[in-house]
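The lines below spell out each chain.
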Amino acid sequence: MVTGLARAVGWLGRLGANAANPGAALVRISSVIISYRTRIRGALAGLLAGAVGVCVGFLVAGFTSQVGNPVVAVAEGAIDLSPPAVKNFAIKEFGSHDKLVLQIGVLIVLALLCAVIGMAAQRWESAGLIGFGIFCLVGLVAAGTRPTSTPIDLLPTLAGAAAALFTVSRLVRAAGTIPRIRPPAADRSAGVAAPGGPPAAAKDDAARGADRAAVDRPRRTASLSVTEPPRRAFMKAGATAAGTAAVAFAAGRLLSERANVTVAEQSLKLPPPAVPARPLPAGSNLGIPGLASFVTPNSQFYRVDTAIVLPQIPPSSWQLRIHGMVSRELTLTFDDLIRRPLIEDWVTLTCVSNPVGGPYIGNAKWLGASLRSLLQQAGIKAGADQLFCTSFDGFTSGTPVATAMDGRDAMLAVAMNGKPLPVEHGFPVRSVVPGLYGYVSACKWITDIEVTTYRQNQSYWAQRGWFAQAPIKTESRIDVPSGQSSIKAGRTAIAGVAWAQHKGIDAVHVRVDRGPWQQATLATVPDIDTWRQWVLHWDATPGNHVIEARATDATGYTQTAVQEPPEPNGATGYPIVQVSVA
């Protein structure tokens, strides 16, 4: 664009130097306008071709699987290649919307590159072939390297690339080529040099003599005409491309919705637990506005995983294989699993990416088959120390064998808060192991458990530098006051939650403005695998104040003040809230 503007300024300058030929100058100005219009059409051609390619790929993925969806495959590849610091930033800034933001980012970059390809193809026809060929190669690599991909998952990218190439060739022809403007012969004979050439005054005597001889001969009349490509042809081709993209997207959406298992989830009937959870004791909820409730509703439970598209697994087709260092390999269907005696328990889950005082923690009542019982049936061989769990979408987690077998209610969960698992939380089956961060204990959509060793297998996050074994750290959080708005002076509640799963919380202390630590009142809890509410009543005085908290677990360990980031095995430090009292 800058080059085009420079040319326009140059032509306007030559208009002043050659006022005797205003017609040619007006043609040049018209040419600049037509050139920019044509470039815009080229950019639109590239954008529409990209849209057709993406939507056709989405449609074909509806017949194969969303693993091969080019945008999904590239986005998941970006997640795998991103360093932990980038992942933590995305989780911190965008929360559960991080995957949507990533997909939008992929589409924006794709749109910009498609527009550039469309304009380049106007000058060089092969640019469209090369540009979309590169996109095809990236999509094939991304789809082909997914853990669960098969050769058929390459079809969406191939079909999308073919549709994009066909579309861009047709649209670029309709858009027209960018005009190449050269000054007419009359201007050159008048002494105006072509860009980059020497001025006429710098010619030697022999050259000037040749010019005079040329002037003596009859001068041919110079003319310049630029024809703008017909807009109707481009508009017709563009409308056809846009319509094709819309139809392909709608059909792909319909196919993906047909594969949705929401109906199966909502209609699933589960047997009652053989070992029900303890009823909630009186006083487990303190009832303070703004304080997280003891039970986190399914719709509000945090979600952190690597799945761009949620796996849709009907219970009728789900299977689990338990193999590796076992005496008897087991393969279970969903019916096999729920026919086993089911256990129910209150368990708080925590994400290792949770910052101090962060939101990635929740408490629920889980129902499932005992993991310990299944492993006992398979018979674990000596030397095995890891359960290498694999999700339907290829994600892996590594759970310590000792933790799964020590008597805590580790389970393969099928229900959450009295309802079948929501799809985003692992329907139809996920693992739940109390006391461990989610990346080593909470494998959603689980389909495979290999009994192995940490030396032989590294799970997804362990490969990226996180600790292989990750017990949850003793932590606390201040929910009230939030610090987001001022509060009134007088008696007010400072309240929050504290957790030390499978150890239990024995005390929480609070201090204001670095004063003495004061012991908070604790809510009751059904067992040691859940978080615990706490409250301290404070006589707030006008001014700005700093509130801190710390928890002590049943082993006698007190939460450290040392501030550490989540990686590589969980954040530490006191939660701090700054509050203004009016």
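Going by the structure above, here's the rest.
Residues numbered from 1 in each chain as written. Predicted model: local features only at pLDDT ≥ 70, side-chain atom pairs only at ≥ 80, totals over all residues. Heavy atoms only, no water.

Turning our eyes to something else, we now look at the pattern of salt bridges. Overall, the coordinates contain 15 salt bridges when judged by the stated rule. One salt bridge in this structure joins K99 and D98, with 3.3 Å as the shortest N-O distance. With respect to burial, K99 and D98 carry one shared label: buried. Note that R303 and D305 form a salt bridge whose closest N and O atoms lie 2.8 Å from each other. Here the salt bridges do not stand alone but share partners, grouping D98, K99, R303, D305 and K444 into one network. (Salt bridge = Lys/Arg side-chain N within 4 Å of Asp/Glu carboxyl O. Buried < 20%, exposed > 50% of the residue type's maximum accessible area, 1.4 Å probe, protein only.)

What follows concerns the nonpolar core. I322, L337, W366, L371, L387, L412 and I449 are the most contacted members of the largest nonpolar core, which has 83 residues in total. No other element matches strand β7 (residues 411-416), which puts 6 residues into this core. Other than its neighbours up to four places away in sequence, L412 contacts L320, L337, L367, G368, A369, L371, L374, V429, R430, S431, I446 and I449. Formed by 23 residues, the second largest nonpolar core is a distinct cluster that contains A45, C114, A174 and A245. (Core = buried A, V, L, I, M, F, W, Y, C linked by side-chain atoms within 4.5 Å. Helix = DSSP H or I, 4+ residues; strand = E, 2+ residues; numbered from the N terminus. Contact = heavy atoms within 4.5 Å.)

With 6 of 7 residues buried, strand β10 (residues 446-452) lies mostly within the body of the structure. Here strand β1 (residues 319-324) pairs with β10 via 4 bridges, running parallel. From the neighbouring strand, I322 faces β10, where its bridge partner is I449. (Pairing = 2+ DSSP bridges.)

Right, let's talk about the packing of aromatic side chains for a bit. Using the criterion set out here, one finds 12 aromatic pairs in the structure. With a centroid separation of 6.4 Å and an interplanar angle of 65°, the aromatic rings of Y302 and Y360 are classed as edge-to-face. With a gap of 58 residues between them, Y302 in the loop between α11 (262-267) and β1 and Y360 in the loop between β3 (342-350) and β4 (361-370) connect regions that are remote in the sequence. One aromatic cluster in this structure is built from F395, Y439, Y460, W461 and W466. If you follow R464 out to its NZ or CZ, it ends over the ring of Y460, 3.7 Å from the centre. The ring of W517 has R550 sitting right over it, with the charged end atom 4.3 Å from the ring centre. (Phe/Tyr/Trp six-rings, centres within 6.5 Å; stacked < 30°, edge-to-face > 60°. Lys NZ or Arg CZ within 6 Å of the ring centre and 35° of its normal.)

Any functional reading would require information that these geometric values do not contain.
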